[in-house]
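# Results of the structural survey
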Amino acid sequence: MAATTENLPQLKSAVDGLSEMSENEKSGFISLVSRYLSGEAQHIEWSKIQTPTDDIVVPYEKMASVSEDVSETKNLLDKLVVLKLNGGLGTTMGCTGPKSVIEVRDGLTFLDLIVIQIENLNNKYGCKVPLVLMNSFNTHDDTQKIVEKYTHSNVDIHTFNQSKYPRVVADEFVPWPSKGKTDKEGWYPPGHGDVFPALMNSGKLDTFLSQGKEYVFVANSDNLGAIVDLTILKHLIQNKNEYCMEVTPKTLADVKGGTLISYEGKVQLLEIAQVPDEHVNEFKSIEKFKIFNTNNLWVNLKAIKKLVEADALKMEIIPNPKEVDGVKVLQLETAAGAAIRFFDNAIGVNVPRSRFLPVKASSDLLLVQSDLYTLVDGFVTRNKARTNPSNPSIELGPEFKKVANFLSRFKSIPSIVELDSLKVSGDVWFGSSVVLKGKVTVTAKSGVKLEIPDRAVVDNKNINGPEDL
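All values reported here derive from a predicted model rather than from experimental measurement.

### A few points about the nonpolar core
Residues Leu-83, Phe-196, Tyr-243, Leu-260, Ile-304, Leu-313 and Phe-343 are the most contacted members of the largest nonpolar core, which totals 39 residues. Sequence-distant contacts of Leu-260, defined by excluding residues within four places in its chain, comprise Pro-52, Val-57, Met-245, Val-247, Val-267, Gln-268, Leu-269, Ile-291, Ile-340 and Gly-348.

Right under this line is the structure:
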């Protein structure tokens, strides 16, 4: 039976009895559920979708660059807050605790690299760019312990928690915790669209405004390419853009990513979930929708305050049905990128692919730990020796899924500067100083351990056993 608005009073009274929730969380949750039940979702008329012009999605190379003048740079940085979305766990990569503490390169974690980058800016320009981490209840305790190690760094680190909402038992439409599910599994963080109200409710937003900060740069903590960019910041301040989404050209690997469209005179995000079935293939094509959202977002702090106070941020609701411990539950989420249509003078900026380097799986770790990249001042930059603009495609089998297994199967990370694609399946182990070139597949037969010897050079080969080496 589908839930209707008639379920709301019962849900509301149950939520009132949940002492773990703040008043802000209660009202935010009830507002989200009532929007969901009233079915107020915006219906997109396909024929009205237009490709945004260069005024709306600005090509990065058309933005004016920032002068070498140190005082101009300091002046820009004094207006900036950097916020990393730090709510995710490292579970998909076989790690416990926050994903941001996985070691990415040279023994440094995502968080180490972020702190080093901001510290370098603060040291170089004599500014005080603060770092803010939005945690979830899943990552909060661990993160509080981890940030202690940065006490003596030249970066002020702030943390706050995103909201904690109760999962709803699907068939009865009541909050799971009020049915006695009191552990963490009864709750969920409602997606990163929550960053705006949560930042405001934490009191941090007012603190930053009182310090003269104007913009927040929001990005996923696992995107190594999301570094502070003064060209974008300068453009937004000069043009009074309240919101800017970084987009980058789609490749075949990005067909599911949300894209920016012009719709009824406004720029907005179009996600695959909003696309009618008969248009899904068109949405995935690279011809019509050429860009996708990197989730690097630049947002004006005063505008956030104004919109949150007016309760105007009504982003598309993403229903996320799950089965947890045998119970069918529903969690309602929103995404920060969908907020673009509520801000004045919002734009996209079409940035180089280098600003999108997410580490979602061990295959991404292989890329960033290899000679394809170098680490300079906390920035991961691409090796100039690689002539192909796109990265090699890498598919590693389930044996490599967990970071610990991945690390044990490579004596050292192979050289992949000249690699086009790599596909590994089965019980495969790599020696040290291996070089991979062209198209390489390595397939161990079932029950057989296949070792690639030290210093092997594998050039355009299919390897099914030692005899192929």
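### What to know about the packing of aromatic side chains
On inspection of all chains with the given rule, the structure shows 11 aromatic pairs. Aromatic pair Phe-217 and Trp-298: ring centres 4.1 Å apart, planes at 15 degrees, arrangement stacked. Of this pair, Phe-217 sits in strand 12 (residues 215-220) while Trp-298 sits in strand 16 (residues 291-300); the two residues are 81 residues apart in sequence, bridging distant segments of the chain. For the pair formed by Phe-217 and Trp-298, the shared burial category is buried. Ring geometry for Phe-410 versus Phe-430: centroids 4.7 Å apart, planes at 20 degrees, classification stacked. Taken together, the residues Phe-410 in the loop between helix 12 (403-409) and strand 23 (419-425) and Phe-430 in strand 24 (residues 428-430) connect sequence positions 20 residues apart. The exposure class assigned to Phe-410 is buried, which follows from its relative accessible area of 5%. Overall, Phe-430 belongs to the buried group, its relative accessible area being 3%. Seen from the ring of Trp-187, Lys-164 lies directly overhead, with NZ or CZ sitting 4.9 Å from the centre. In this arrangement the basic side chain of Lys-250 is found over the ring face of Phe-283, its NZ or CZ atom lying 5.1 Å from the centre.

### Quick look at the side chain of Arg-355
The topology assignment puts Arg-355 in the loop between strand 19 (347-350) and helix 11 (362-369). A polar atom in the side chain of Arg-355 sits 2.7 Å from the side chain of Glu-246. Each residue touching Arg-355, except ones within four places of it in the same chain, is listed here: Phe-217, Asn-223, Gly-225, Ala-226, Ile-227, Asp-229, Ile-232, Glu-246, Asn-296 and Trp-298.

### Some thoughts on the sheet that holds strand 12
Within the open sheet, the eight strands sit side by side as 2-19-13-16-12-3-6-7. Their pairing is mixed. Because the sheet does not close on itself, it has two edges, and the strands there are strand 2 (57-59) and strand 7 (157-161). Averaged over all pairs of adjacent strands, the angle between their axes in this sheet comes to 25 degrees, without regard to strand direction. Inspection of the sheet shows strand 13 (residues 243-249) paired to strand 19 by four bridges, in the parallel sense.

### What about the side chain of Asn-122?
Considering the arrangement of structural elements, one finds Asn-122 in helix 4 (residues 110-125). Taking the relative accessible area as the measure of exposure, Asn-122 reaches 2% and is therefore buried. Discounting residues that sit within four places of it in the chain, Asn-122 has contacts with Cys-127, Lys-128, Val-129, Asn-154 and Val-155.

### Let's talk about unusual backbone geometry
The phi dihedral of Lys-240 is positive, around 55 degrees, even though this residue is not glycine. Inspection of the secondary structure puts Lys-240 in the loop between helix 8 (230-239) and strand 13. Assessed through its relative accessible area of 63%, Lys-240 is described here as exposed. Non-glycine residue Glu-264 carries a positive phi angle of around 50 degrees. Here Glu-264 is to be found in the loop between strand 14 (259-263) and strand 15 (266-270).

Definitions and cut-offs
- Residues numbered from 1 in each chain as written.
- Predicted model: local features only at pLDDT ≥ 70, side-chain atom pairs only at ≥ 80, totals over all residues.
- Heavy atoms only, no water.
- Core = buried A, V, L, I, M, F, W, Y, C linked by side-chain atoms within 4.5 Å.
- Buried < 20%, exposed > 50% of the residue type's maximum accessible area, 1.4 Å probe, protein only.
- Contact = heavy atoms within 4.5 Å.
- Phe/Tyr/Trp six-rings, centres within 6.5 Å; stacked < 30°, edge-to-face > 60°.
- Helix = DSSP H or I, 4+ residues; strand = E, 2+ residues; numbered from the N terminus.
- Lys NZ or Arg CZ within 6 Å of the ring centre and 35° of its normal.
- Polar contact = N/O pair within 3.5 Å; in protein donor to acceptor, adjacent residues only side chain to side chain.
- Pairing = 2+ DSSP bridges.
- Axes fitted to C-alpha atoms, helices over the stretch in contact; angles between N-to-C directions.

This is a description of form; function is not addressed.
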